[in-house]
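A structural walkthrough
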Amino acid sequence: MEEETKPKRSFKSVLINILIILTLLIISIFMYAKYIGTSGINVKEYLVKSDKIPKSLSGSKIIYFSDLLLGSTTNLDTLKLIAKRINELNPDIVIFGGNLLSDLKYLDNKSDLVSELKNIGASLGKYFVLGDNDSEEVRDILLESDYILLENDYDLIYKDSTTPICLMGFNSYNKSLYNLDKINDCEGYYKIYFTHESDLLYKINDYSFDIFLAGNTLGGEINIPFYGPFYKFSGSVKYYNGYYNLNDKEIFISNGLGNKKTSLRFNNRPSINFIRLKSTEQN
């Protein structure tokens, strides 16, 4: 008795099956990037050690968040979640790196914005710079929310000691509003520089800082494995990864919270940077 032979699949049927699988895969990735990739908040935590950090400030916690871009993939509920998440971390210093709004209709909800931004607590102070997308109205909202604006200027932050750290903020690189005239004013102190666009590093070629914080990159929105960010935004073309160490200086770049180009995030959840300082100063 002859064995039955299974009919061979035609090339056409195999091709159709492959196309169906690829289509389902693409749809699944798209749905993930639109509804899951843009939700939640990822806290990227780092420990920074230095003998220049005063012992009184050892253990201090710094939050840097940027590119909220309310009206893109974010809304007031997102801001409430961010405030809750930041407060759970109990920071000493909170820094907003610019680009608060994507949709100007949120200016009509000014009181709600102020309420939520003011709700974010920090024992040693809250600071901000304006991004290339921020208006004077945004400036006023943040000032009313108890944030201190550092426009190419610095503040000395003390905690139970006569030795402070120096926090210096720089205006927008894209708008050519930055000014580096005061970078030598904090000589001898531990220096934290912050701004909106990361490529300001081009101009600070003496690495006079200890920590540099920036945003604007949005992590490329879509981060393709083995390729990198799909989008590179003006002002963050060279420095777009989350972390660099240059000349033993620590550089942290936030992936932000909202979107500019698309309503998608893949392999790149909305995030804030959480930095702990540890003094290695010897007696």
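The sections below set out a description of the structure shown in this document.

**Describing the overall build of the protein**
Looking only at helices and strands, one finds four helices and 14 strands in the protein. Counting only C-alpha atoms, the protein reaches 100 × 50 × 35 Å along its principal axes. The burial tally for the protein puts 47% of its 283 residues in the buried class. Element-wise, carbon and sulfur atoms account for 50% of the exposed surface of the protein, whose accessible area totals about 14300 Å².

**Overview of the packing of aromatic side chains**
Taken as a whole and assessed by the stated rule, the structure comprises 13 aromatic pairs. Ring plane angle 55° and centroid distance 5.7 Å describe the contact between Tyr193 and Phe209, whose orientation is recorded as tilted. Here Tyr193 is found in strand β8 (residues 190-197), whereas its partner Phe209 is found in the loop between β8 and β9 (211-215), with 16 residues between them in sequence. With relative accessibility at 0%, the residue Tyr193 sits in the buried group. Given the relative accessible area of 0%, Phe209 is considered buried. Considering the side-chain rings of Phe230 and Tyr231, the 5.0 Å spacing of their centres and the 85° angle between planes classify their relative orientation as edge-to-face.

**Comments concerning the sheet that holds strand β7 (residues 165-169)**
Reading across from one edge, β6-β7-β8-β9-β13-β12 is the order of the six strands in this open sheet, with mixed pairing throughout. If you trace the sheet from one side to the other, it starts and ends with β6 (153-157) and β12 (243-246), each paired once. Between one strand axis and the next, the sheet turns through 20° on average, direction left out of account. For β6 and β7, the ladder comprises five bridges, and the chain directions are antiparallel. Bridge pairing in β7 links Ile157 to Ile165.

**Quick word on the pairing of strand β4 (residues 125-128)**
Burial of β4 is two-sided: the residues Gly125 and Tyr127 facing one way and the residues Lys126 and Phe128 facing the other way are all buried. As paired strands, strand β3 (residues 93-96) and β4 are joined by four bridges and run parallel to one another. Looking across to β4, one finds that Val94 is bridged to Lys126. As judged from the two bridges shared by β4 and strand β5 (residues 148-149), these two strands associate in the parallel manner. Residue pairing for β5: Phe128 is matched across the bridge by Leu149. Read as a crossover between parallel neighbours, the route from β4 over helix α4 (residues 136-144) to β5 is right-handed.

**Some remarks on the environment of Leu79**
By the secondary structure assignment, Leu79 is in helix α2 (residues 76-89). When its relative accessible area of 0% is taken as the criterion, Leu79 is described as buried. For the pair formed by Leu79 and Leu113, sequence separation is 34 residues and the distance between their alpha carbons is 8.2 Å. Once residues within four sequence positions are removed from consideration, Leu79 is found in contact with Leu68, Leu70, Leu113, Glu116 and Leu117.

**Considerations on helix α3 (residues 110-119)**
When α3 is considered as a whole, its buried residues turn out to be Leu113, Val114, Glu116 and Leu117. Looking at the buried side of α3, the elements it contacts are α2, β4 and α4.

**What to know about the nonpolar core**
By size, the foremost hydrophobic cluster in this structure holds 31 residues, and its most contacted members are Phe65, Tyr147 and Ile272. Mapped onto this core, the elements with two or more residues apiece are β2 (61-65), α2, β3, α3, α4 and β14 (271-279). No other element matches the six residues that α2 contributes to this core. When sequence neighbours within four positions are dropped, the list of residues in contact with Phe65 reads Ile82, Ile86, Val94, Ile95, Phe96, Gly97, Ile120, Tyr147, Leu257 and Ile272. Ranked by size, the runner-up nonpolar core spans 21 residues in total, among them Ile62, Tyr127, Val129 and Ile275.

**Here's the deal with the state of the cysteines**
What is meant by a disulfide is a covalent connection between two cysteines, made through their sulfur atoms. Taken as a whole and judged by the stated rule, the model has one disulfide. Each disulfide pairs two cysteine sulfurs, and for Cys166 the partner residue is Cys186, the sulfurs being separated by 2.1 Å. Given an S-S torsion of about 55°, the disulfide between Cys166 and Cys186 has right-handed geometry. Placement of the pair is Cys166 in strand β7 and Cys186 in the loop between β7 and β8, with a sequence separation of 20 residues.

Cut-offs applied
Residues numbered from 1 in each chain as written. Predicted model: local features only at pLDDT ≥ 70, side-chain atom pairs only at ≥ 80, totals over all residues. Heavy atoms only, no water. Helix = DSSP H or I, 4+ residues; strand = E, 2+ residues; numbered from the N terminus. Buried < 20%, exposed > 50% of the residue type's maximum accessible area, 1.4 Å probe, protein only. Areas by Shrake-Rupley, 256 points an atom, 1.4 Å probe, with all protein chains shown as cover. Phe/Tyr/Trp six-rings, centres within 6.5 Å; stacked < 30°, edge-to-face > 60°. Pairing = 2+ DSSP bridges. Axes fitted to C-alpha atoms, helices over the stretch in contact; angles between N-to-C directions. Right-handed = clockwise from strand over helix to strand, strands pointing away. Contact = heavy atoms within 4.5 Å. Core = buried A, V, L, I, M, F, W, Y, C linked by side-chain atoms within 4.5 Å. Disulfide = S-S within 2.5 Å.

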